[in-house]
Amino acid sequence: EAQVTQNPRYLITVTGKKLTVTCSQNMNHEYMSWYRQDPGLGLRQIYYSMNVEVTDKGDVPEGYKVSRKEKRNFPLILESPSPNQTSLYFCASSLLFGGTQYFGPGTRLTVL
Amino acid sequence: AQKITQTQPGMFVQEKEAVTLDCTYDTSDPSYGLFWYKQPSSGEMIFLIYQGSYDQQNATEGRYSLNFQKARKSANLVISASQLGDSAMYFCAMRAGNQFYFGTGTSLTVIP
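Residues numbered from 1 in each chain as written. Chains lettered and ligands numbered in written order. Predicted model: local features only at pLDDT ≥ 70, side-chain atom pairs only at ≥ 80, totals over all residues. Heavy atoms only, no water.

1. As for the overall build of chain B
Short version of the rule: Secondary structure follows DSSP: runs of H or I at least 4 residues long count as helices, runs of E at least 2 residues long count as strands, and numbering of each begins at the N terminus. Partly exposed describes any residue whose relative accessible area lies between the buried limit of under 20% and the exposed limit of over 50%, with all areas from a 1.4 Å probe on protein chains only and scaled to the type maximum. Working rule for contacts: check all heavy atoms of both residues, and any pair within 4.5 Å makes them a contact. When charges are counted, neither His nor the chain ends are considered; positive counts come from Lys and Arg and negative counts from Asp and Glu. For this purpose, a charge sits on NZ of Lys, CZ of Arg, CG of Asp or CD of Glu.
When helices and strands are tallied, chain B shows 0 helices and 12 strands. In chain B, the succession of helices and strands from N to C terminus is β-β-β-β-β-β-β-β-β-β-β-β. With the C-alpha coordinates of chain B rotated into their principal frame, the extents come out at 40 × 25 × 20 Å. For chain B, with 112 residues in total, the buried portion stands at 48%. Residue pairs in contact within chain B that sit at least 24 positions apart in sequence constitute 54% of those at least 6 positions apart. Charge separation in chain B, taken as the distance between the mean sites of 8 positive and 9 negative side-chain charges, equals 4 Å.

Right, dumping it as structure tokens:
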């Protein structure tokens with residue numbers, strides 16, 4: 001089944017404890033992206049990747065890192081999480097940039 | 001500046017009636033794409049419909065149609081014959097440059 005998977009789905013952590021949210025797609029998509037969703041703000045793009053080893057900042061990259069060492073995986077890294085990073089995070093992918101994005105199920109992160 | 005605006009935080013519609021969800025956009029890029037996504041209470045993001053900036057005809061997908069008015073920079077979603085299962089959050093999104101931009105969403109409630 002074609003899909004985008006994210007792990008974990010739910011995470012509660014404490015300020016400053018490094019964490020990684022994994023994202024994987026099995027559709028051979030070139031473009032991958034991370035978003036955060038906050039009430040009243042919609043979705044905002046954190047980072048995106050046009051292809052392997054090519055990543056760039058979106059609108060809200062502060063406090064986040066990403067890597068794209070292989071086409072299928074695009075992990076989101078929070079080196080030192082803070083409470084303002086409490087949010088719902090979505091990973092998405094599309095065959096090519098500009099195409100329809102398919103979203104993962106979301107990761108709900110709480111930073112205490 | 002790239003921007004998507006959804007001015008209706010909440011909408012109500014009677015079952016079997018049609019409803020229009022508003023979306024306006026702002027971009028200086030001549031090539032862009034417009035998308036609508038549905039987010040039910042379960043949280044996943046579901047792609048509904050896409051319109052390219054050079055498409056001459058309005059996009060349609062089943063009960064969904066996109067009323068694209070380029071001069072007015074609007075891309076309204078029309079849902080015909082509303083069903084109870086249409087109750088959800090709806091997001092308008094734009095692809096411009098290398099990024100995607102989302103509106104703040106409209107919460108649609110279908111009344112029996």
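Once you've had a look at it, read on.
2. A short note on the interface of chain A and chain B
Test applied: Two parts placed together each lose some accessible area under a 1.4 Å probe, and adding up what both lose gives the buried area. What makes a salt bridge here is a side-chain nitrogen of Lys or Arg within 4 Å of a carboxyl oxygen of Asp or Glu, nothing more. We define a polar contact as two N or O atoms separated by no more than 3.5 Å, with the added condition that, inside protein, one atom must be a possible hydrogen donor and the other a possible acceptor, whereas residues neighbouring each other in sequence contribute only through side-chain atom pairs. When residues are sorted by character, Ala, Val, Leu, Ile, Met, Phe, Trp, Tyr, Cys and Pro go into the nonpolar class, Asp, Glu, Lys and Arg into the charged class, and all the rest, Gly among them, into the polar class.
Taken together, the contacts link 21 residues of chain A with 17 residues of chain B. The largest share of the area that chain A buries against chain B comes from A:L43, A:F97 and A:F103, three residues that together contribute 28% of it. Along the contact surface separating chain A from chain B lie 0 salt bridges. Taken together, chain A and chain B are joined by 5 residue pairs in polar contact (both at pLDDT 80 or more). Taken together, the elements giving at least two residues each to the side of chain A that touches chain B come down to β4 (31–38), β5 (42–51) and β9 (87–94) of chain A. Of the residues forming the side of chain A that touches chain B, the biggest block, 5 residues, is contributed by β5(A). Grouping the amino acids of the side of chain A that touches chain B by side-chain chemistry returns 10 nonpolar, 9 polar and 2 charged.

3. Things to note about the sheet that holds strand β7 (residues 65–66) of chain A
All names here are of chain A. What counts here: Strands are labelled as partners when DSSP assigns at least two bridges between them.
Spatial ordering of the open sheet is given by β1-β3-β8-β7, a layout of 4 strands whose pairing is antiparallel. The open sheet terminates on both sides in strands that have one partner only, identified here as β1 (4–7) and β7. Direction of pairing for β7 relative to strand β8 (residues 76–78): antiparallel, over a ladder of 2 bridges. Its bridge partner being in β8, V66 is matched across the sheet by L76.

4. Overview of the pairing of strand β11 (residues 99–102) of chain B
Burial along β11(B) is two-sided: the residues B:Q99 and B:Y101 and B:F100 and B:F102 are all buried. Linking strand β10 (residues 88–96) of chain B back to β11(B) in an antiparallel pair, the connection comprises 2 residues, with B:G97 at a positive phi of about 60°.

5. Considerations on the state of the cysteines
Residues and elements named next belong to chain A. Keep this limit in mind: Cysteine sulfur atoms are paired as a disulfide whenever they come within 2.5 Å of each other.
Summed over the entire model, instances satisfying the criterion amount to 2 disulfides over all chains. The partner cysteine of C23 in its disulfide is C91, sulfur to sulfur 1.8 Å. Disulfide C23-C91: the torsion about the S-S bond is -70°, which places it as left-handed. In this pair, C23 is assigned in strand β3 (residues 19–25) and C91 in strand β9, connecting sequence segments 68 residues apart. Classification of C23 as buried rests on a relative accessible area of 2%.

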